[in-house]
Amino acid sequence: MTRIVDLKSFVAVAEYGSLTQAARALKRPLQAVSRSLAALEAEVGIELIHRTTRQSTLSEAGRIFFLQIKPALSEIESAKSEAMDRRSAPSGTLRIGAPVLFGPDYLVPVIAGFMRENPQIEVELQLTDAFSDLADDRLDLVLRIADLPDSGLQGKRLGELRRVVFGSPAYFAQHGRPAHPSELKGHSCIVRTINDRSGQWKFRAEGKPLTVSVRGAFRTNTMTGVYSAVRSGIGLGYSPLWQIKRLVENDEVQIVLERFEPDPVPIHALWQENKFPPAKVRAFVDYLARQLRL
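Residues numbered from 1 in each chain as written. Predicted model: local features only at pLDDT ≥ 70, side-chain atom pairs only at ≥ 80, totals over all residues. Heavy atoms only, no water.

A. How the structure looks around the sheet that holds strand 12 (residues 237-240). Pairing is antiparallel across the open sheet formed by three strands, whose spatial order is 12-7-13. With one partner strand each, in any of the chains shown, strand 12 and strand 13 (254-256) form the two edges of the open sheet. In this sheet, adjacent strand axes meet at a mean angle of 50° when their direction is disregarded. Inspection of the sheet shows strand 7 (residues 163-167) paired to strand 13 by three bridges, in the antiparallel sense. Residue pairing across strands places Phe166 opposite Ile255, the latter belonging to strand 13. (Pairing = 2+ DSSP bridges. Helix = DSSP H or I, 4+ residues; strand = E, 2+ residues; numbered from the N terminus. Axes fitted to C-alpha atoms, helices over the stretch in contact; angles between N-to-C directions.)

Next up, the structure:
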């Protein structure tokens, strides 16, 4: 029966091109590596490595065997690591990145509950609206609210978030309520000045995407500025619903054009590409999926 240690020896010799260097990398005696290779070749019935006094090279059969065995060994090691990881409770420092407005109201209460259940966990929360690079920023995971391109990250979809048009009761009393997105051209709209697409509000009408160009006398570069202007009756705003939830609940603003809302934006928890993330990441993502209330 083939032993894992024999397969590891074969892969190491194939990669290093030398029994001596393979033995050094595996921290095994040279004779033990040589015996492992001989035992494997005897079992498969063919020479896998051509050996000389100076180097060791793959035979044709050895090359094919190597290409099949190496990923299989990686899978075995990953499965072994996961099994060992599951025996221990989450511990250490969990570094999380999240959007500035989303973090305090939605994420921190979940983190507090997670820390109570896992007292060996410490948390560092980095709030930024930029797309953080997990490796550069030393983050274990990030929350991103967007349609995501192929980023090389693994993730879990936590839900989706509506985008809405809203205004103050005073504004609607004076100017009326738009019944269709096309009517926004006759309203004062608060434009957030962040990029070349500022003032392009997205909707869905008759089953198709619809983009409406809006304008108004007041513009600002922050969402907090938008919210303040809308509450003051200057004009209409456009925002993710979760950001104005309290304003809606307090009747400071009211939502319009609900029939024409665009497709909701997904929210994901993302971590470095790794089939089996660390226990602290896996445990928090599972907890977050259960507790997050959008």
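From this point on, the discussion continues.
B. Inspection of the pattern of salt bridges at higher detail. In this structure the tally under the stated criterion is 12 salt bridges. Residues joined in a network through salt bridges with shared partners are Arg162, Glu258 and Glu261. (Salt bridge = Lys/Arg side-chain N within 4 Å of Asp/Glu carboxyl O.)

C. Here's a closer look at the pairing of strand 10 (residues 208-213). Pairing between strand 9 (residues 200-205) and strand 10: six bridges, direction antiparallel. Residue pairing for strand 10: Arg204 is matched across the bridge by Pro209. Hairpin remark: strand 9 followed by strand 10, antiparallel, with two residues in the connecting loop; positive phi at Glu206, about 55°.

D. Structural context of the environment of Pro181. Summarising the element assignment, Pro181 is placed in the loop between helix 6 (169-175) and strand 8 (191-192). Residue classification places Pro181 among the buried residues on the basis of a relative accessible area of 0%. Between the alpha carbons of Pro181 and Glu124 there is a distance of 42 Å; along the sequence they are 57 residues apart. Residue contacts for Pro181: discarding those within four places in its chain leaves Phe203, Leu210, Val212, Leu257 and Phe260. (Buried < 20%, exposed > 50% of the residue type's maximum accessible area, 1.4 Å probe, protein only. Contact = heavy atoms within 4.5 Å.)

E. View of the pairing of strand 5 (residues 141-145). Counting buried positions along strand 5 gives four out of five residues, so the element sits mostly inside the fold. Inspection of the sheet shows strand 3 (residues 92-98) paired to strand 5 by two bridges, in the parallel sense. The partner of Ile96 across the bridge, within strand 5, is Leu141. Of the strand pairs in this sheet, strand 5 and strand 14 (residues 265-272) are connected by five bridges, and their pairing is antiparallel.

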